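Structural features, examined
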Amino acid sequence: MKKAKTYQQVIGETIEQMRQEKSWTQEDLAKAVGSSQSAIHRIEKGGQNVSLEMIKKLSEALGNQILSINDSASQSFRIRGGKELSGEITVNTSKNAAVGLLCAALLNTGRTVLHRVARIEEVFRIIEVLESIGVKCHWQNRHRDLEIISPRELKLDEMDIEAARKTRSIIMFLGPLLHRQKEFQLPYAGGCSLGVRTVEPHLKALESFGLEVDATSDSGFYDVKVDQKTLKNHEDKYIVLTERGDTVTENVLMAAALFPGKTTIVGASPNYMVQDVCFYLEKLGVKIAGVGTTTLTIWGRPRINTDVEYNLSEDPIEAMSFIAAALVTNSEIKISRAPIEFLEVELEVLKNMNMKFEKSAEYFSANGKTRLVDLVIKKSKLVAPVDKIHPMPFPGLNIDNLPFFSVIAAVAEGRTLIHDWVFENRAVYITELANLNVKVDLLDAHRVYINGPTNWRSAELVAPQALRPAVVVLIGMLAAPGTSILRNVYPINRGYQDFAARLRHLGADIVPLTGI
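Numbering of residues starts from 1 in each chain and follows the order in which that chain's sequence is written. Given that this is a predicted model, residues contribute local features only at a pLDDT of at least 70 and side-chain atom pairs are listed and counted only at 80 or more, while totals for whole chains, interfaces and linings are drawn from all residues. Values reported for side chains reflect all heavy atoms of the structure, with hydrogen atoms and water molecules removed beforehand.

Structural notes on the overall build of the protein
Heads up, the condition is: Secondary structure elements follow DSSP: runs of H or I no shorter than four residues count as helices, runs of E no shorter than two count as strands, and numbering proceeds from the N terminus. In these tables, accessible area is a Shrake-Rupley quantity obtained with a 1.4 Å probe, and a residue counts as shielded only by the protein chains included in the view. Charge counting treats Lys and Arg as positive and Asp and Glu as negative, with His and both chain ends excluded. For the purpose of locating charges, the reference atoms are NZ of Lys, CZ of Arg, CG of Asp and CD of Glu.
In terms of helices and strands, the protein carries 19 helices and 23 strands. Along the three orthogonal principal directions, the C-alpha set of the protein runs to about 60 × 60 × 50 Å. About 20700 Å² of surface is accessible on the protein, with carbon and sulfur atoms providing 48% of the total. For the protein, the centre of its 61 positive side-chain charges and the centre of its 61 negative side-chain charges are spaced 3 Å apart.

The structure is reproduced here in structure tokens:
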């Protein structure tokens, strides 16, 4: 029996036919859409995942519609709010762990299989970049697992620049690539619009491995050179991080993994995504001491060519999203497989705000390392906390979880001070809740007062162009009686898989709208 064509093959054949009808070469089409000839070749052969945005660009360049759908950036959600939620939801694996592990897979010239990878836009962008430089990425097991095979020689000159510019995670290519290329370029990192987040801590930390970067030119690229004398000096390395950042720590971990000596990182982040990278590297034969602490000691290997499989841990930020949704809609829901180690402070703060909940006995994630629990969030009459709510590096309240406390505070009796000292303007996004009738007082770019409880009001809004603030507005709309529209929800799709469908599973009245 003839095997049915995959949807990638059907799309690829359609694109090839349209291109030939215009008498264009693959190079012509690549130039028209800002991609590479090799990427177009893979697309036409059905060998590359194609984003909706790229399909739209190809349609415009070819003068014909390939699919009768619009890109996710133009997608909207219609929410009929004011309804209670109920039921059970299982936490997906971590978005931030996934992107770190995709970058770390560049260290291994063997076969890596990552189990239960979140199928989200941020992951798709990194996969597009990897495939464009010659890395083979293949979804398996009904698109739940991802196989990655990195070639011995990468084609960095064919990198998909547009995909790379859409994700800040591209900065984590520095650690793996400095062992593989003497000189290379990376496009400036993108991601959320949260003000200027300097890459200087990355560059300073990686100097110990010979990394030299010109990040001051107007070219739009980091021009990277690797001093081979420094790289090949196998004396022990002692690196003190001036910023306890997650991606900075991951970058140094990846550089240390292929350094055949001892590297000590002081001031390392012990956060969940860093631990996932550590566990993966250990499976590759890299020895690491101090996982989960702020001092890591790594004994690297001169080369890594190992077939390995790894189970990603669950996402504490997604778990917090559903906790917030339950509290704001005054609902009782069960949240299964919540990574408790990375939620303990959040739960304690909420307990002090009078949240009622039940917690199961602990059990382990599929990686055998991460501690999980099942939570039942009860209907609760919340009160404002006595002290301000502010984030801290792990084991403090997670920086990415702070925005959820703004919408939770909107249903609490009293006045809550939210202090977001990390990002330059994320607190400003909280003022979007005023459109839903939340009483918000912006003190400065880092501090806001929320006065609750709120008499919610529906609204039609454009989603903030930052992941967590966009979800916060969506959660507020779940509480607001009437019909709300949230437009341009690409930021949510960057970090959440099928979020609207999963909220519907809990009883929310939310549907996606495209092209409206």
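Here's the deal with the packing of aromatic side chains
The following threshold applies: Here a pair means two rings of Phe, Tyr or Trp (six-membered ring of Trp) with centres within 6.5 Å. Their orientation is stacked below 30 degrees between planes, edge-to-face above 60, and tilted elsewhere. For the exposure calls, accessible area comes from a 1.4 Å probe over protein chains only, and a residue counts as buried if that area is under 20% of its type's maximum, exposed if over 50%, partly exposed in between. Counted as over-ring charges are cases with an Arg CZ or a Lys NZ within 6 Å of the ring centre that also lie within 35 degrees of the ring normal.
As enumerated under the stated definition, the model contains seven aromatic pairs in all. Ring geometry for Phe342 versus Phe394: centroids 4.9 Å apart, planes at 40°, classification tilted. You can see Phe342 sitting in the loop between strand 14 (333–339) and helix 14 (344–352) and its partner Phe394 sitting in the loop between strand 17 (371–377) and helix 15 (402–409), a full 52 residues away along the chain. Among the residues examined, Phe394 registers a relative accessible area of 12% and is labelled buried. Positioned above the aromatic ring of Trp139, the side-chain terminus of Arg119 is 4.4 Å from the ring centre.

Quick word on helix 11 (residues 246–257)
Just so we agree on the cut-off: One less than the residue count of a helix, multiplied by 1.5 Å, gives the span that helix is expected to have.
Taking 1.5 Å per residue as the helical rise, helix 11 with its 12 residues ought to reach 16 Å, and the 16 Å between its terminal C-alpha atoms agrees with that figure. Most of helix 11 sits out of view: 10 of its 12 residues are buried. Three or more residues of helix 11 are buried, namely Val248, Thr249, Glu250, Asn251, Val252, Leu253, Met254, Ala255, Ala256 and Ala257.

Here we look at the sheet that holds strand 13 (residues 308–311)
As a reminder of what qualifies: Note: two strands are recorded as paired if DSSP finds a minimum of 2 bridges between them. Note on geometry: axes are C-alpha line fits, over the in-contact stretch for helices, and angles between N-to-C directions span 0 to 180 degrees. The contact criterion used throughout is that any non-hydrogen atoms of two residues lie within 4.5 Å.
Strand order in this open sheet of four strands is 4-5-3-13, and the pairing throughout is mixed. With partners counted over all chains shown, the strands left at the sheet margins are strand 4 (136–140) and strand 13, one partner each. On average, each strand axis in the sheet is tilted by 20° relative to the strand beside it, whichever way the strands run. Inspection of the sheet shows strand 4 paired to strand 5 (residues 145–149) by five bridges, in the antiparallel sense. Note on strand 5: the bridge partner recorded for Cys137 is Ile148. Strands in contact with helix 6 (residues 121–132) are strand 4 and strand 5; relative to strand 4, the strand with the most contacts, it is inclined by about 135°.

Regarding the sheet that holds strand 22 (residues 482–487)
Sheet architecture is open: four strands sit in the order 21-22-1-23, paired in mixed fashion. Each edge of the open sheet carries a strand with a single partner, namely strand 21 (460–462) and strand 23 (509–513). Each adjacent strand pair in this sheet contributes to an overall mean axis angle of 20°, direction not counted. One ladder, built from five bridges, connects strand 1 (residues 76–81) with strand 22; its direction is antiparallel. Directly across from Phe77, in strand 22, lies its bridge partner Leu486.

Some details on the environment of Glu128
With respect to the secondary-structure elements, Glu128 resides in helix 6. Separated by 83 residues in the primary sequence, Glu128 and Lys45 have C-alpha atoms spaced 15 Å apart.

Brief notes about helix 6
Along its 12 residues, helix 6 runs 16 Å from first to last C-alpha, staying within 8% of the 16 Å computed at 1.5 Å per residue. Counted residue by residue, helix 6 has 12 buried out of 12 residues, so it is predominantly covered. Among the residues making up helix 6, those that are buried are Glu121, Glu122, Val123, Phe124, Arg125, Ile126, Ile127, Glu128, Val129, Leu130, Glu131 and Ser132. Residues of helix 6 that are buried make contact with helix 3 (37–44), helix 5 (95–104), strand 4, strand 5, helix 7 (161–165) and helix 18 (490–495). Two residues or fewer past helix 6, Gly134 is found with a positive phi of approximately 105°.

Remarks on the packing of helix 5 against helix 12 (residues 272–283)
Heads up, the condition is: It is the rotation of the near helix from the far one that decides the hand of a crossing: anticlockwise by less than a right angle makes it left-handed, clockwise makes it right-handed. We call Asp, Glu, Lys and Arg charged. Ala, Val, Leu, Ile, Met, Phe, Trp, Tyr, Cys and Pro are nonpolar, and the rest, Gly among them, are polar.
Where helix 5 contacts helix 12, the axes come no closer than 8 Å and their chain directions differ by 35°. Relative to helix 12, the crossing made by helix 5 is right-handed. Each of Asn96, Ala97, Gly100, Leu101 and Ala104 in helix 5 lies in contact with helix 12, whose residues at this interface are Tyr272, Met273, Asp276, Val277 and Tyr280. Here the residues of the contact of helix 5 with helix 12 are counted per class, giving seven nonpolar, two polar and one charged.

Description of the pairing of strand 22
Regular strands have side chains that alternate between both faces of the sheet. Heads up, the condition is: Orient the strands so they point away from the viewer, and a crossover whose first-strand-to-second-strand path over the helix runs clockwise is right-handed.
With three bridges joining them, strand 21 and strand 22 adopt parallel strand pairing. Residue pairing for strand 22: Glu460 is matched across the bridge by Ile485. With respect to chirality, the unit in which strand 21 leads through helix 17 (residues 467–479) into the neighbouring parallel strand 22 is right-handed.

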